Amino acid sequence: MARLLITRHGQTKENADGIMQGKEHGNVSEGGFEQINKLIERLKCEKIDKIISSDIPRCKVTTKEILEKIKVPVKYTPLIREKDNGEWAGKKHKDIKWGDIEGTFETRKAPSGENLLEVRERGRKFFEELTEKFKDKDITILIVAHGAFLKIFIGNLLGMTIQDSISKLCIEHCSLTEIEIDNKYKEGYKFNFINDTSHLK
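Sequence order as written defines the numbering, with residues in each chain counted from 1. A pLDDT threshold of at least 70 governs which residues receive local features in this predicted model, and a stricter bar of 80 or more applies before side-chain atom pairs are shown or counted, although totals over entire chains, interfaces and linings include all residues. In computing side-chain properties, one takes all heavy atoms of the structure into account and sets aside hydrogens as well as water.

K.L.:
I would appreciate a short explanation of the environment of I166 in the present structure.
P.N.:
By the criteria applied, helices consist of DSSP H or I runs no shorter than four residues and strands consist of E runs no shorter than two, each listed in order from the N terminus. Its place among the elements puts I166 in helix α6 (residues 162–168). Taking the relative accessible area as the measure of exposure, I166 reaches 23% and is therefore partly exposed. In this structure the C-alpha to C-alpha distance between I166 and I152, which are 14 residues apart in sequence, comes to 6.7 Å. Working definition: with a 1.4 Å probe on protein chains only, accessible area under 20% of the residue-type maximum means buried, over 50% means exposed, and in between means partly exposed.

In structure tokens form, the structure reads like this:
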């Protein structure tokens, strides 16, 4: 049985300031490093075999901190990056007028950016590759990714619409979500918990 422990990177200064981040944006804040340290203490109770992380800097910084204490192989992948906000990266969320953009909630996007359907497809591809490679292995994998990506990724596995995934799921910085992958489950996987933040208190 493969076990996935899923977390979101430590909070960034841009998160706190309401700034839309891009591929290179995101400076982990002092509070974010405190979150990461608390996450590490929680992860020490687990037998982590491998880390798969987004290759965007704020996730790489989070992963680097974890690797200082938990020395395991790591793979960085673009498949679990945050939604590409294109030309709007660096702008404040409150200044973006989403209602003025053509398309539906799922298809609208920033200039040179990515829509939520494309994010969901990346997540589906990532999960398919993951299950194909590890479903028959006794392994625990830590996944380090991003807020909007994880809402869509987890929501898809729960059978939720994209809009409900974004509006109804909460995935906090350095929280933990656990999924077991095993053929004994009807869908091939089950959730044990979502957005556990007890270690951050």
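K.L.:
Mind showing me how you'd approach helix α5 (residues 147–157) here?
P.N.:
Since the α-helix packs 3.6 residues into each turn, any two residues three or four apart lie on the same face. Across the 11 residues of α5, eight count as buried, placing the element largely inside the fold. All of the buried residues along α5 are G147, F149, L150, I152, F153, I154, G155 and L157. Residue contacts follow a heavy-atom distance rule, with two residues in contact if any of their heavy atoms lie within 4.5 Å. Buried-residue contacts for α5 involve β1 (2–8), α4 (116–134), β4 (139–145), α6, β5 (176–181) and β6 (189–196). Taken from the residues just after α5, G159 is the one with a positive phi, measuring 80°.

K.L.:
So what exactly am I meant to see when it comes to the pairing of β4 here?
P.N.:
Across a regular strand the side chains alternate sides, sitting on one face of the sheet and then on the other. Of all seven residues in β4, seven are buried; the element is thus mostly enclosed. Here β4 shows two buried faces, one formed by I139, I141, I143 and A145 and the other by T140, L142 and V144. Note on pairing: two strands pair once DSSP finds at least 2 bridges between them. With seven bridges connecting them, β1 and β4 associate as parallel partners. Within β4, the residue paired with R8 across the bridge is A145.

K.L.:
Explain the pattern of salt bridges here, please?
P.N.:
Two side chains that carry opposite charge are able to pair once their charged atoms sit near each other. Criterion for a salt bridge: a side-chain nitrogen of Lys or Arg within 4 Å of a carboxyl oxygen of Asp or Glu. One pass over the full model with this rule turns up 10 salt bridges. A salt bridge links E178 to R3, with the shortest nitrogen-to-oxygen separation between them at 2.7 Å. Highlighted residues: E178 in strand β5 and R3 in strand β1, separated in sequence by 175 residues. E178 gets classed as buried once you look at its relative accessible area, which sits at 8%. What makes R3 buried here is its relative accessible area of 15%. Here E121 makes a salt bridge to R124, at a shortest N to O gap of 3.0 Å.

K.L.:
How do you make sense of the environment of L176 when you look at a structure like this?
P.N.:
With respect to the helices and strands, L176 occurs in strand β5. Residue classification places L176 among the buried residues on the basis of a relative accessible area of 0%. Sequence separation between L176 and R42 is 134 residues; the distance between their C-alpha atoms is 9.5 Å. Leaving out residues up to four positions away in the same chain, L176 has contacts with L5, I6, T7, L39, R42, L43, L142, F193, I194, N195, D196 and H199.

K.L.:
What is the right way to look at unusual backbone geometry in this model?
P.N.:
The phi angle of most residues is negative, glycine excepted, and most peptide bonds adopt the trans form. The backbone phi angle of S112 is positive, close to 65°, even though this residue is not glycine. For N195, which is not glycine, the phi torsion reads 55° and is therefore positive. By relative accessible area, which is 14% here, N195 ends up buried.

K.L.:
Please explain the packing of α4 against α5 as it appears in this structure.
P.N.:
All axes are obtained by fitting lines to C-alpha atoms, using only the stretch in contact for helices, and the reported angles, taken between N-to-C directions, cover 0 to 180 degrees. Close contact between α4 and α5 brings their axes to 9 Å; oriented N to C, the two are set at 65°. At the point where α4 passes α5, the crossing takes the right-handed sense. Residues L116, V119, R120, R122, G123, R124, F126 and F127 of α4 form the contact with α5, whose own contacting residues are F149, I152, F153, N156 and L157. The residue makeup of the contact of α4 with α5, split by class, is eight nonpolar, two polar and three charged. Each helix crossing is assigned a hand: it is left-handed if the near helix lies turned anticlockwise from the far helix by less than a right angle, otherwise right-handed if that turn is clockwise. Think of it as three bins: nonpolar holds Ala, Val, Leu, Ile, Met, Phe, Trp, Tyr, Cys and Pro, charged holds Asp, Glu, Lys and Arg, and polar takes everything else, Gly as well.

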